[in-house]
Amino acid sequence: MSLQFPEGFLWGGAVAANQLEGAYQKDGKGWSTQDVMPHGVKTPPTEVPTDDNMKLIGIDFYHRYKEDIKLFAEMGFKVFRTSIAWSRIFPKGDELEPNEQGLQFYDALFDECHRYGIEPLVTISHYETPLHLAREYDGWVNRKLVDFYARYARTIFTRYKDKVKYWLTFNEINSILEFPFMSGGISTPKEKLGKQELYQAIHHEFVASALAVKIGHEINPDFQIGCMVLSMPIYPLTPHPDDVIKTMESDHKNTFFADIHARGYYPGYMKRFFKENGIQIHFEPGDEAILKHTVDFISFSYYMSICETADPEKQIRGEGNLLGGVPNPYLEASDWGWQIDPKGLRCIMNAFYDRYQKPLFVVENGLGAVDRLVTDENGDKTVEDGYRIQYLRDHLVQVAEAIADGVEVLGYTSWGCIDLVSASSAELKKRYGFIYVDRHDDGSGTLERYRKKSFHWYKEVIATNGQSLFK
Ligand code: BG6
């Protein structure tokens, strides 16, 4: 059977404001949680932003976006996923009126995309909660965040209603389980945060997300609003029934997030979990009805799969995209220890589609690697990133397989289409892009952009609507 991508498939790339914009206090922007996370997720936040934080300058996209969008257009992008930095629009998060200069920046950015026929896909909250909300309210633990978020969502929906059609409510919403500060703006240290507070915070995010779907559809019925989850298929380490049950239970911890977004109510297995853990979710009047505003599509990141086992001696946790898990003995890993499993992508796509029968959007996938800038035979600087091409090709073939399985897929945006600062480790040497940015972790570099080998490769993939993958 010949594999193919549907007509109108949205090919593109993805980034997040805090990882590339820089200009962290320009034009009225307030501080966000990322501005005090100089070393990623493994060290506690600093009191105020410090010079060793690569994100404060990022790749200076704030001032260079025109050049960068032009390069995306040269590759033929149909879609560009980025986020709006909440603290550019509401610098502290609890104001009544937005910051006009912040709004103007995104007006200009989206206009620039449209100049080239590129559709923006916008994440409303991507790991960049206004710092004031984290420090003064303890982030999403506080119910007031629902109102602040709703005001922010209403503001940007109204402002960009004719410029943005595709929206995502929270980036990798399930990552709050492991990283409450980065993901949920929760200042209480993780070890002191009780399960009751954590799951109540998650409930607040669910309500806010569903409210955004409701408000968005009222403002523009053509909006397509999706949830965004960190996906990681979990395989039993052995066929032992205890491993299979343990795998199912681990899976539920994450599946629960997409279940609520897609179905509009808490699944039975979570009611059991709450009961067994003494958790009582407080529902405000109306919450149940709000949750019924389910998403139009399911979007997710996919980098790797993991294994699970009931055997405590084998529960060794490997490296991985935020959540991590038991390593798979059959798989190789990236330079950062993330195991590479293209077929896992086909599995997870089928699993999502079988479960929800809603369209999917692959909004993150890619290889973080150390790249070396070299000079080619024409005297141009480039990166010979055959390893990245291999990774992306193998994954895209599996997307095509899933499409052949009958899965409805709106598009694919590879992560970090231009080099940017890593979310987990805050480094720039972990590069994902088709475009190399001359900036280094010691702060040196010209910020010049160079096309990597994968740039030309992806251009052909898009131009042939995926057919070049199968040559
Ligand atoms: C996802 C995030 O976890 O993976 C991105 O949504 C992140 O923000 C990406 O950058 C890759 O992870 P990392 O840690 O390599 O940057």
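Anything mentioned here points back to the structure above.
In this text, all values refer to a predicted model and were calculated from it rather than measured experimentally.

Draft legend 1. The arrangement of the overall build of the protein chain in detail. Across its full length, the protein chain carries 14 helices and 14 strands. With the C-alpha coordinates aligned to their principal axes, the bounding extent of the protein chain is approximately 65 × 55 × 45 Å. Each of the 471 residues in the protein chain was classed as buried or not, and the buried ones make up 59%. Within the protein chain, contacts between residues at least 6 apart in sequence are counted, and of these 75% link residues at least 24 apart. Carbon and sulfur atoms form 50% of the exposed surface of the protein chain, whose accessible area is close to 18,600 Å². If you average the places of the 52 positive and of the 67 negative side-chain charges in the protein chain, the two averages end up 1 Å apart.

Draft legend 2. Summary view of the site of the ligand. Neighbouring residues of the ligand: 15 residues in total, closest Glu172, Ala423, Ser424, Lys430 and Tyr432. Between histidine 126 and the ligand, the recorded distance is 2.9 Å, taken from a side-chain N or O atom to an oxygen atom. Contact between the ligand and tryptophan 415: an oxygen atom at 3.2 Å from a side-chain N or O atom of the residue. For the ligand, whose free accessible area comes to 370 Å², the fraction covered by protein is 100%. Grouping the amino acids of the shell around the ligand by side-chain chemistry returns 6 nonpolar, 6 polar and 3 charged.

Draft legend 3. A look at the nonpolar core. The biggest cluster of nonpolar side chains holds 134 residues, and the ones touching the most others in it are Trp167, Tyr199, Phe256, Met349 and Tyr458. The element contributing the most residues to this core is helix H8 (residues 195–219), with 12 residues. Setting aside residues no more than four positions away along its own chain, phenylalanine 256 makes contact with Tyr199, Ile202, Phe206, Tyr266, Pro267, Tyr269, Met270 and Phe274.

Draft legend 4. A look at the pattern of salt bridges. A full pass over the atoms with the stated rule returns 30 salt bridges. A salt bridge links aspartate 68 to arginine 449, with the nearest nitrogen and oxygen atoms 2.8 Å apart. Here arginine 449 lies in strand E14 (residues 449–451) and aspartate 68 lies in helix H2 (residues 61–75), a separation of 381 residues in the sequence. Under the relative-accessibility criterion, aspartate 68 is labelled buried at 0%. Where arginine 388 meets aspartate 385, a salt bridge forms, and the shortest distance between an N and an O atom there is 2.8 Å. The exposure classification of arginine 388 matches that of aspartate 385, with both residues buried.

Draft legend 5. Broad picture of the sheet that holds strand E5 (residues 224–231). Pairing within the closed barrel is parallel, and its 8 strands lie in the order E1-E2-E3-E4-E5-E7-E9-E12. If you compare each strand with its neighbour and ignore which way they point, the axes differ by 25° on average. Bridge count between E5 and strand E7 (residues 297–302): 6 bridges; the pairing is parallel. Its bridge partner being in E7, leucine 230 is matched across the sheet by serine 301. Each of strand E4 (166–170) and E5 is contacted by H8, which is oriented at about 160° to E4, the strand it contacts most. Contacts between helix H14 (residues 453–463) and the sheet are confined to strand E1 (10–14) and strand E12 (409–415), with E1 contributing the most and set at about 150° to the helix.

Draft legend 6. Highlighting the packing of helix H12 (residues 342–356) against helix H13 (residues 386–404). Following both chains from N to C, one finds H12 and H13 inclined at 30°, their axes separated by 8 Å at the closest point. Put simply, H12 runs roughly parallel to H13. Taken as a pair, H12 and H13 cross one another with a handedness that is right-handed. Within the contact between the two elements, H12 uses Pro342, Lys343, Leu345, Arg346, Met349 and Asn350 and H13 uses Asp394, His395, Gln398, Val399, Glu401 and Ala402. Residue composition of the contact of H12 with H13, grouped by class: 5 nonpolar, 3 polar and 4 charged.

Draft legend 7. Examining the packing of aromatic side chains more closely. Tallying each qualifying case throughout the model produces 45 aromatic pairs. Consider the rings of phenylalanine 72 and phenylalanine 80, whose centres lie 5.0 Å apart with planes at 35°: the pair is tilted. For the pair phenylalanine 72 and phenylalanine 80, a shared accessibility class is recorded, and that class is buried. Between tryptophan 86 and tyrosine 149 the ring centres are 5.8 Å apart and the planes differ by 75°, which places this aromatic pair in the edge-to-face class. Highlighted residues: tryptophan 86 in helix H3 (residues 86–89) and tyrosine 149 in helix H6 (residues 144–159), separated in sequence by 63 residues. There is no split in this pair, since tryptophan 86 and tyrosine 149 are both buried. When the ring centre of phenylalanine 105 is taken as origin, the NZ or CZ atom of arginine 88, which lies over that ring, is 5.8 Å away.

Draft legend 8. Focus on the environment of leucine 96. Within the secondary structure layout, leucine 96 lies in the loop between H3 and helix H4 (100–115). The spatial distance from the C-alpha of leucine 96 to the C-alpha of tyrosine 235 is 47 Å, given a sequence separation of 139 residues. The contact partners of leucine 96, leaving out residues within four places of it in the chain, are Phe90 and Arg151.

Reading the values: the criteria
- Residues numbered from 1 in each chain as written.
- Predicted model: local features only at pLDDT ≥ 70, side-chain atom pairs only at ≥ 80, totals over all residues.
- Heavy atoms only, no water.
- Helix = DSSP H or I, 4+ residues; strand = E, 2+ residues; numbered from the N terminus.
- Buried < 20%, exposed > 50% of the residue type's maximum accessible area, 1.4 Å probe, protein only.
- Contact = heavy atoms within 4.5 Å.
- Areas by Shrake-Rupley, 256 points an atom, 1.4 Å probe, with all protein chains shown as cover.
- Lys, Arg positive; Asp, Glu negative; His and termini not counted.
- Charge placed at Lys NZ, Arg CZ, Asp CG, Glu CD.
- Near = heavy atom within 4 Å.
- Polar contact = N/O pair within 3.5 Å; in protein donor to acceptor, adjacent residues only side chain to side chain.
- Nonpolar A, V, L, I, M, F, W, Y, C, P; charged D, E, K, R; others polar.
- Core = buried A, V, L, I, M, F, W, Y, C linked by side-chain atoms within 4.5 Å.
- Salt bridge = Lys/Arg side-chain N within 4 Å of Asp/Glu carboxyl O.
- Pairing = 2+ DSSP bridges.
- Axes fitted to C-alpha atoms, helices over the stretch in contact; angles between N-to-C directions.
- Parallel < 35°, antiparallel > 145°, perpendicular 65-115°, else oblique.
- Left-handed = near helix turned anticlockwise from the far one by under 90°.
- Phe/Tyr/Trp six-rings, centres within 6.5 Å; stacked < 30°, edge-to-face > 60°.
- Lys NZ or Arg CZ within 6 Å of the ring centre and 35° of its normal.

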